[in-house]
Amino acid sequence: MASLKVPATVPSPSEDAEQLRKAFEGWGTNEGLIISILGHRSAAQRRAIRQAYRQSYNEELLKALDGEISGDFERAVLLWTLDPAERDAWLANEAVRKWRPENRVLIEIACARSSGELFAVRQAYHARFKRSLEEDVAAHTTGDFRKLLVPLVSAYRYEGEEINLTLAKSEARMLHEKISDKAYNHEELIRILTTRSKAQLIKTFNHYNDEFGKPVNKDLKSDPKDDFLAALRATIRCICCPERYFEKVIRLAINGLGTDENALTRVITIRAEVDLKVIAEVYQKRNSMPLERAIKGDTSGDYEAMLLALLGQEA
Amino acid sequence: MALPLVTEECEAVIRAFSGLGGLGVDEKALVSALGKWRRQPEKRAQLRKSFVGFFTADGSFERCEDDYIRYLKNEFARFKNIMVLWAMHPWERDARWVHHVLHKPLPLDIIVEIACTRSSEELLGARKAYHALFHHSLEEDVAYHVRENYSNLLVRLVSAYRYEGNRINKEMATSEAEALYSAIKTPGVKKLVENEEVIRILTTRSKPHLRVTFKHYKEKYGKSIEEHLGDELCLRETVQCLDSPPKYFSKVINKALKDGADKNTKDALTRVIVSRADVDMKEIKEAYHQQYGAELEDVISKNTLGSYRDALLSLAGQ
């Protein structure tokens, strides 16, 4: 369930654009006004506001924002205001340019989206970066990571619920065989993870657990320092249980000393219109503390206010 | 007993039955023979004695060859097939062709052809149609059913969503031409068709970019990359389809019309004409003329029959 709260009656896009313009006028910026508008509009509404702003003032709203606000707050507002597909394309491009084996963004985009959404990201990527997503991922990654990530971002998985039990059994056994041999980058393992439908994979993983007594992710923990194994585990979790996966990303971002603002911003802006409410519930159960309180404790100022708005706090 | 001279009349009917080569059957000529030979069973008897491929003497009469009946089934069906394919949505056509070759022991070049000569949106459409028709993803079935060493190449080709703009990075095209040369000339542990760099470049770069890369390759190394690929058939076909679909399709058509072509090769004629009629038929005719010194329409006219011929010429004509 989405956490985003949109008021029952919403001003017209040109009224919103005018208010935003007012927020920029003169010295200083009215951040609260920015949050109260943008933080409570759906993707379609935000798109309409951007268009209205462009028509009225001959300037891109995002460019204007860039000049007015900064830091983590700016990143959150910028990412939030973009269309979901544009946002993912932007995050994917950043991940590709600053590629590191611990980076999970590409896996999240490829696996915690529907097939149609992933394709929309690929289209947005063409439009914005004049190259294909898979071309950039292939050119900036190597070895096992390339073998896994290129097929993941290129997938157009079947989305039906039909499953083939016999296949689930045989592919569970195949996974077990390759994992036992520590052949983690084996073609068959990659083939199964990157082409089968999500329903089929979930059945396969269930069967794995039934037949071998351990969830597949436990068997992929043999070396805690191995980044590729971590990537495989993240792939499986994003496919099977995205809410639990994202709760963990948030938890690791907030808990302990320091905060990983980029990770926190990423999860909140990409899931606010999807299932952030559920993720917040999972967080509360796991950490015995409401997510809002944790965020209040770990962030401050306009950045905090923006995140809380997206979590559903009333304007 | 000496074989009877084949009369002109008989020869015409044999030709109409696709007995002297050519694709399709001449329906009009066959129907006309029905009328002309009414109440003349001796004419039909003469036909059966003259038509060696179709009939064989068996004791006191001539019976049909089973093989030829099967052959005729295909030849009569050419018109039906072209019409049905023509009416079908292009996405469904492509999805069905891929599914067909994955589930029967047939050559897989159709997969390369579809993955590389369709636009990015058309390829996406074929993948959508594949979902709807077969309840699997296209790449899932290719990955599962293709076990040869070019499996990975095919999966990546069908999964591509290439950028379609004209923006090219010249330095990258140059360095990738060099990378391709180096991969081809340096024998590795794995076969060339499994080489990661070759696959990366051929399956992810945009087509305009690849054409510049291939051009640069030829300028720098004196020979086209195709020539250097030698007998790497899968890679050669990939390069041909990406570089110039009209040249590739004109070759396919030429093979289909050659004597002794097998069923599958002949079927390609229908496939190419139907799928390219609205795309690049003009360029294919030009390429055909350049490569073989003949007009495609003339060659089709000479080598096909009946309604099938008329359908082809309607699609391939001006």
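Residues numbered from 1 in each chain as written. Chains lettered and ligands numbered in written order. Predicted model: local features only at pLDDT ≥ 70, side-chain atom pairs only at ≥ 80, totals over all residues. Heavy atoms only, no water.

## Description of the overall build of chain B
Thought 1: If you tally the helices and strands in chain B, you get 19 helices and two strands.
Thought 2: Taken along its principal axes, the extent of the C-alpha atoms in chain B is 80 × 45 × 40 Å.
Thought 3: Per-residue burial for chain B yields a buried fraction of 48% across its 318 residues.
Thought 4: In chain B, the share of contacts with a sequence separation of at least 24, taken over all contacts with a separation of at least 6, comes to 67%.
Thought 5: For chain B, the exposed surface amounts to about 16100 Å²; the carbon and sulfur share of it is 53%.
Thought 6: Of the charged side chains in chain B, 49 are positive and 47 negative; the average position of the first set lies 1 Å away from that of the second. (Helix = DSSP H or I, 4+ residues; strand = E, 2+ residues; numbered from the N terminus. Buried < 20%, exposed > 50% of the residue type's maximum accessible area, 1.4 Å probe, protein only. Contact = heavy atoms within 4.5 Å. Areas by Shrake-Rupley, 256 points an atom, 1.4 Å probe, with all protein chains shown as cover. Lys, Arg positive; Asp, Glu negative; His and termini not counted. Charge placed at Lys NZ, Arg CZ, Asp CG, Glu CD.)

## Some thoughts on the overall build of chain A
Thought 1: Of regular secondary structure, chain A possesses 20 helices and zero strands.
Thought 2: Once the C-alpha set of chain A is aligned to its principal axes, its extents read approximately 65 × 45 × 35 Å.
Thought 3: In chain A, buried positions account for 53% of the 315 residues.
Thought 4: Long-range contacts, defined as pairs at least 24 residues apart, comprise 70% of the intrachain contacts of chain A with a sequence gap of at least 6.
Thought 5: Element-wise, carbon and sulfur atoms account for 49% of the exposed surface of chain A, whose accessible area totals about 13600 Å².

## Some points on a nonpolar patch on the surface
Thought 1: Taken together, Phe-79, Met-83 and Trp-86 of chain B make up a surface patch of nonpolar side chains, about 300 Å² in accessible area.
Thought 2: Mapped onto the elements, Trp-86 of chain B comes out in helix α4 (residues 66-87). (Patch = residues over 30% accessible without salt bridge, like charges linked within 9 Å, V, L, I, M, F, W, Y side chains within 5 Å. Salt bridge = Lys/Arg side-chain N within 4 Å of Asp/Glu carboxyl O.)

## Brief notes about the pattern of salt bridges
Thought 1: Evaluated as defined, the whole model comprises 49 salt bridges over all chains.
Thought 2: Between Arg-191 of chain A and Glu-188 of chain A there is a salt bridge, and its shortest N-O distance comes to 2.9 Å. Highlighted residues: Arg-191 of chain A and Glu-188 of chain A, both in helix α12 (residues 187-195), separated by three residues, approximately one helical turn.
Thought 3: One salt bridge connects Glu-286 of chain B with Lys-282 of chain B, and the closest N-O pair in it is separated by 3.6 Å.

## Overview of the pairing of strand β2 (residues 61-64) of chain B
All names here are of chain B.
Thought 1: Sheet topology places strand β1 (residues 55-58) next to β2; four bridges connect them, and they run antiparallel. Residue pairing in the sheet places Phe-55 in a bridge with Cys-64 of β2.
Thought 2: What sits between β1 and β2 in their antiparallel hairpin is a turn of two residues, with Gly-59 showing a positive phi close to 70 degrees. (Pairing = 2+ DSSP bridges.)

## Describing the UniProt feature "binding site: Ca(2+) 3" (unreviewed entry) in chain A
All names here are of chain A.
Thought 1: Mapped onto this structure's residue numbering, the UniProt feature "binding site: Ca(2+) 3" (unreviewed entry) falls at Asp-298.
Thought 2: If you trace the backbone, Asp-298 turns up in helix α19 (residues 291-298).
Thought 3: Since its relative accessible area comes to 27%, Asp-298 is described here as partly exposed.
Thought 4: Other than its neighbours up to four places away in sequence, Asp-298 contacts Ile-254, Gly-258 and Thr-259.
Thought 5: Within the structure, Asp-298 has its side chain in polar contact with the side chain of Thr-259 (distance 2.4 Å). (UniProt positions renumbered as here; feature names shortened; annotations may be inferred. Polar contact = N/O pair within 3.5 Å; in protein donor to acceptor, adjacent residues only side chain to side chain.)

## Details of the interface of chain A and chain B
Thought 1: Chain A puts 28 residues into the contact, and the matching count from chain B is 27 residues.
Thought 2: Our count for the chain A to chain B interface comes out at five salt bridges.
Thought 3: Ionic pairing is found between Glu-135 of chain A and Arg-205 of chain B, a salt bridge with its closest N-O pair at 2.7 Å.
Thought 4: On the surface where chain A and chain B come into contact, there are 19 residue pairs in polar contact (both at pLDDT 80 or more).

## Overview of the nonpolar core
Thought 1: In terms of nonpolar packing, the biggest core is built from 97 residues, with Ile-34, Leu-65, Leu-232, Leu-264 and Ile-295 of chain A touching the most fellow members.
Thought 2: The greatest single-element share of this core, amounting to eight residues, is contributed by helix α15 (residues 227-240) of chain A.
Thought 3: Setting aside its immediate chain neighbours within four residues, Leu-232 of chain A contacts Leu-148, Tyr-184, Leu-189, Leu-193 and Leu-220 of chain A.
Thought 4: The next biggest cluster of nonpolar side chains, apart from the first, holds 70 residues, and it includes Val-112, Phe-134, Leu-138 and Leu-180 of chain B. (Core = buried A, V, L, I, M, F, W, Y, C linked by side-chain atoms within 4.5 Å.)

## Some points on the domain arrangement of chain A
Thought 1: By the assigned domains, chain A splits into domain 1 (13-69), domain 2 (84-154), domain 3 (165-240) and domain 4 (243-310).
Thought 2: Put simply, the middle of domain 3 of chain A and the middle of domain 4 of chain A, counted by C-alpha atoms, are 28 Å apart. (Domains from an automatic or database assignment.)

## A few points about the layout of surface pockets
All names here are of chain A.
Thought 1: In this structure, the largest pocket encloses a volume near 1400 Å³.
Thought 2: Taken together, 44 residues line the largest pocket, and the ones lying closest to its centre are Arg-104, Ala-234, Tyr-245, Lys-248 and Val-249.
Thought 3: When contributions to the lining of the largest pocket are tallied by element, the ones reaching two or more residues are α6 (84-97), α13 (198-212), α14 (216-219), α15, α16 (242-254), α17 (261-271) and α18 (276-287).
Thought 4: With eight residues, α16 is the single largest residue contributor to the lining of the largest pocket. (1 Å grid on protein atoms, 1.4 Å probe; cavity = no way out; pocket = protein on both sides within 12 Å on 5 of 7 lines; lining within 4 Å. Points joined across faces, edges and corners; volume = space filled by probe spheres on them.)

## Focus on the packing of aromatic side chains
Thought 1: Under the definition given, this model contains 23 aromatic pairs over all chains.
Thought 2: Among the aromatic residues, those joined into a cluster by ring pairs are Phe-17, Phe-51, Phe-54, Phe-55, Tyr-68 and Tyr-71 of chain B.
Thought 3: Here the guanidinium or amino end of Arg-46 of chain A rests over the ring plane of Trp-80 of chain A, the centre of that ring lying 3.9 Å away.
Thought 4: Lying over the aromatic face of Phe-119 of chain A, Arg-122 of chain A brings its terminal NZ or CZ to 4.8 Å of the ring centre. (Phe/Tyr/Trp six-rings, centres within 6.5 Å; stacked < 30°, edge-to-face > 60°. Lys NZ or Arg CZ within 6 Å of the ring centre and 35° of its normal.)

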